[in-house]
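# Structure assessment
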Amino acid sequence: MADDQHEEVSKKVSAEEEIRRGITVMRRVVQGRSRGIILDVCWNNQGQLIEPNGHTLTSFIGALVRNEIPITCDDWRNKELNESKEKIWSEIKRCFNIEEERRGFCMKLAGKLLRGFRTFLSSKFLKDADGNFVDAELPKKYESLISAEEWEAFKSKRQDPVFQRISATNRERASSLAYPYRKGRVGYGRLEQSMLQKEESSETSLPAHVLWKEARVGKSGVPQEEVLHVYQKCEELSQSLSPDDTKGILSRALDVPEYSGRVRGKGFGVTPTSLSIKKGKALSNRELHARLEAMQAELDALRREREASASTVYRDASDKNSINCTFQPNIPEGISHCQLYLSSPYYRMVGKGKVHNVSGVLLHTRELPAGCLKVSVDIAVEPNAALPYPSDDSDATTVHEAVGSFVAWPTNLICVGYETPTKSKSKDNAIPRHTESTVSRKELQENEVSNASAQQKKEVSNASARVKSSGAKKTVARKKPITKYRSCLRTFLEMTDIPTGGVRTVHMEVGIFGFDHDQMIGNEDFMQVFSHEEIAVTVVNTYIRFLYDKLMRPNDLDESFGFLAPATVNLGLILSRPDTVTEYVLRILMDNKDAEKLFFIPFNTGGHWLLLAINPIREIVYYLDSLGNDWTTYPDMKVLIDTVLQAFRAQRDIQTSRRGANSITWIKVACPQQRNQIDCGYFMLRFMRDTLALGRLMIPTDYFEEFKCAFYTKDQVDEIKEEWCQFMIELNVFS
């Protein structure tokens, strides 16, 4: 009905009539009102005018403001204009079906149109081709709107030195735009509407960077290379931010200063308030100073702890006070199964074995170092990890070399059974050696599950035990708070501009994803970790950088493992640009075609993280999903991976039978399962971490025996956060 009414009232004029016509007064709208036709007005979900009748209302407001407001008015907020504004609003309501709540928008639009009219008059009649002032007479076309006195006052204002200085500054700024808007009077709201209609999309809005790019495409239909470069940055960032977070993506990609209240890529009428973007309250100088002192105190404590850990030395055997002549209070008497940990450069399990807490025990005829117990190493979880006390008798310096022998190990880094080192365990829960033969594997697994929920109630200390110089016989282990590095990092960040929109970069060298780039990171990414929210691609990428720096390169695992970029391989891109994904994955595989390698793909399905681990030489795909789904849930993902592996096989000239042409093996791994809707990303990161810790190219169907559990506990998830925060501090991302 509204379209028919508009068609009846607003007939299009030919180009020839447009040239000859006079001042726009929108008589068609007024005449339609006389016939009882009130035009409907439509708005998008962000409060912007759209069609039908959006353009008509804009033109009508422009005609009203030119008639009612003098061009000498420079302050739209002047209370003397209230009567004229009321008349404008009254006329709008008489001709258009519009709600009272839209008044604010219409008045802002009227002020904008008045400024545009003044700029038009100045540029058209008071400047020559070189921009110099011209003392022109009042144009006859506008004699009905502008009096002679108004025109003279208007000209006088334009000749004022202060005004000319401001005008020159604005003109220079407008002439040097790096990414000029190219859609004329269309506006972002109607541009978005036309794009959605063209794509026949059921969505109600588009991402800000998509609109921004389209608004800078001229008549040629081809965007500039600079615009595409910014757009590609936004595409990467859009994988790491919430779809509703329109503030930040363009600002990050453009890397330019912002002013308060700006929303890029949405156009007139959209404000942070309409998008529910909350601004944080700035801290006072006193609060900043207090936080700085707290931050410095925490850093000093960390430094002292690290120095104490590094200064622990093997004590002389002649020191009688160093003999382990009494049982350690946190480890059961006798011989018990245990896990062996190291705290430097970060806290992690490196092996399994048995601890001998026996009075007067010796290590290879020598007395034990202070604060240590004798352990036998049975399994090397991290084979290349250095022993805390290398064995002089067997020349063993790594955990792998110590398998089958005895070494000294700090008591605070020994975990009896499945308990953490700082968790005191009673004798009832221990598994002494003399009862080992009567305990079945099933009972051991049940014991693991029963202790999993209490496994890490308190954060384990990564400091070495401190022994009193007076000959104390007890190991002193300081407990660190569970949010130690998170708290420290958060304090650092609050001293920067990051909480107010600033960004930093983490360099991702070519060896990680196959291409060199800088990963931008901002406040939203840090808050995901601090507040235990769903993590996005930025956190995933930077944790992968941590794995690459701390696990892969030091242990030469980069020859056996690799990563594929989650921003390039995800379900959204597989559905929209499968050729791009295929080309990237195949290129990485072909670059590593001469050696067997396991590639990790942190895969995002749009709202969930899972892990694909691909061995292209053996054509095996390990599927690890903490929700328990299998690959049939995402058929497009499976088709693309199968296609890539078949192409990889063909390019290597591997001959196979027709029956074996589709023999790619998919294995669903019974990995730990999440118990909420948030932890999928953290679980996925631990899957990669566990695999790299063991250094194995094959993942068992029932997961690794060393890390098998029904679910990761809260503290195990927090361990990922602490590692990430500690790594961010080491990278000094807040500087």
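Residues numbered from 1 in each chain as written. Predicted model: local features only at pLDDT ≥ 70, side-chain atom pairs only at ≥ 80, totals over all residues. Heavy atoms only, no water.

Helix and strand content of the chain: 23 helices and 16 strands. Counting every position in the chain, which comprises 735 residues, the buried fraction comes to 49%. Long-range pairs, those at least 24 residues apart, make up 67% of the contacts in the chain between residues at least 6 apart in sequence. (Helix = DSSP H or I, 4+ residues; strand = E, 2+ residues; numbered from the N terminus. Buried < 20%, exposed > 50% of the residue type's maximum accessible area, 1.4 Å probe, protein only. Contact = heavy atoms within 4.5 Å.)

Because each turn of an α-helix spans 3.6 residues, side chains separated by three or four positions end up pointing in the same direction. Between its first and last C-alpha, helix H23 (residues 714–731) extends 26 Å over 18 residues, near the 26 Å set by a 1.5 Å rise per residue. Most of H23 is tucked away, with 15 of its 18 residues classed as buried. (Expected span 1.5 Å × (residues − 1).)

With that settled, consider the pattern of salt bridges. Under the counting rule described, the total for this entry stands at 33 salt bridges. Across the pair Asp-591 and Arg-587 runs a salt bridge whose closest N-O atoms are separated by 3.8 Å. Of this pair, Asp-591 and Arg-587 both sit in helix H20 (residues 578–591), four residues apart, roughly one helical turn. By relative accessible area, which is 55% here, Asp-591 ends up exposed. A relative accessible area of 35% means that Arg-587 is categorised as partly exposed. Arg-689 serves as the salt-bridge partner of Glu-719, at 2.8 Å between the closest nitrogen and oxygen. Of this pair, Glu-719 sits in helix H23 while Arg-689 sits in helix H22 (residues 680–694); the two residues are 30 residues apart in sequence, bridging distant segments of the chain. We classify Glu-719 as buried; its relative accessible area is 9%. Among the ionic contacts, a cluster of salt bridges with common partners joins Arg-486, Lys-714, Asp-718, Lys-721 and Glu-722. (Salt bridge = Lys/Arg side-chain N within 4 Å of Asp/Glu carboxyl O.)

Two measures describe an aromatic ring pair: the distance that separates the ring centres and the angle between the ring planes. The final tally for this structure, using the stated rule, is 24 aromatic pairs. Here Phe-120 and Tyr-142 contribute two aromatic rings whose centre-to-centre distance is 6.5 Å and whose plane-to-plane angle is 70°, an arrangement assigned as edge-to-face. Placement of Phe-120 in helix H6 (residues 103–125) and of Tyr-142 in the loop between H6 and helix H7 (148–159) is noted, with a sequence separation of 22 residues between them. Here Phe-120 falls in the partly exposed class, since its relative accessible area comes to 35%. Take Tyr-142: its relative accessible area is 7%, and that puts it in the buried class. (Phe/Tyr/Trp six-rings, centres within 6.5 Å; stacked < 30°, edge-to-face > 60°.)

Let us now look at the sheet that holds strand E16 (residues 665–668). Spatial ordering of the open sheet is given by E12-E13-E14-E15-E16, a layout of five strands whose pairing is mixed. Each edge of the open sheet is held by one strand with a lone partner, namely strand E12 (561–563) and E16. Going across the sheet, the axis of each strand differs from the next one's by a mean of 25°, ignoring polarity. Taken together, the four bridges between strand E15 (residues 620–624) and E16 define a ladder with parallel strand orientation. (Pairing = 2+ DSSP bridges. Axes fitted to C-alpha atoms, helices over the stretch in contact; angles between N-to-C directions.)

Before going further, it helps to examine the confidence of the model for the chain. Looking at the chain as a whole, the pLDDT averages 78, with 77% of positions reaching at least 70. Per-residue pLDDT stays below 50 along residues 5–21; that stretch engages in 18 contacts with residues further than four places along the chain or on separate chains. Every residue in residues 310–329 scores below 50 in pLDDT, and together they form 42 contacts with partners more than four places removed in sequence or on other chains. (pLDDT = per-residue confidence, 0-100.)

Two orientations exist for strands paired in a sheet by backbone hydrogen bonds: parallel and antiparallel. Across the sheet, five strands lie side by side as E8-E7-E6-E5-E9; this open sheet has antiparallel pairing. Looking at the sheet topology across the chains shown, the edges are occupied by strand E8 (406–410) and strand E9 (414–416). Going across the sheet, the axis of each strand differs from the next one's by a mean of 45°, ignoring polarity. As judged from the three bridges shared by strand E5 (residues 334–342) and E9, these two strands associate in the antiparallel manner. Paired with Gln-339 across the two strands is Cys-415, which belongs to E9.

Right, let's get into helix H21 (residues 635–651). With 17 residues, H21 should cover 24 Å at 1.5 Å per step; its first-to-last C-alpha distance of 24 Å lies within 8% of that length. Taken together, the buried positions of H21 are occupied by Met-637, Leu-640, Ile-641, Asp-642, Val-644, Leu-645, Phe-648 and Arg-649. Close packing links the buried residues of H21 with helix H19 (571–576), H20, strand E13 (598–604), strand E14 (609–615), E15 and E16. One or two positions beyond H21, positive phi appears at Asp-653, with a value near 55°.

A separate point is the packing of helix H15 (residues 484–493) against helix H17 (residues 523–530). Running from N to C, H15 and H17 point in directions that differ by 155°, and their axes come no closer than 11 Å. Relative to H17, the element H15 lies roughly antiparallel. Of the two elements, H15 crosses H17, and the hand of that crossing is left-handed. Of H17, the residues touching H15 (which contributes Arg-486, Leu-489, Arg-490 and Leu-493) are Phe-526, Met-527, Val-529 and Phe-530. Partitioned by chemical class, the residues of the contact of H15 with H17 number six nonpolar, no polar and two charged. (Parallel < 35°, antiparallel > 145°, perpendicular 65-115°, else oblique. Left-handed = near helix turned anticlockwise from the far one by under 90°. Nonpolar A, V, L, I, M, F, W, Y, C, P; charged D, E, K, R; others polar.)

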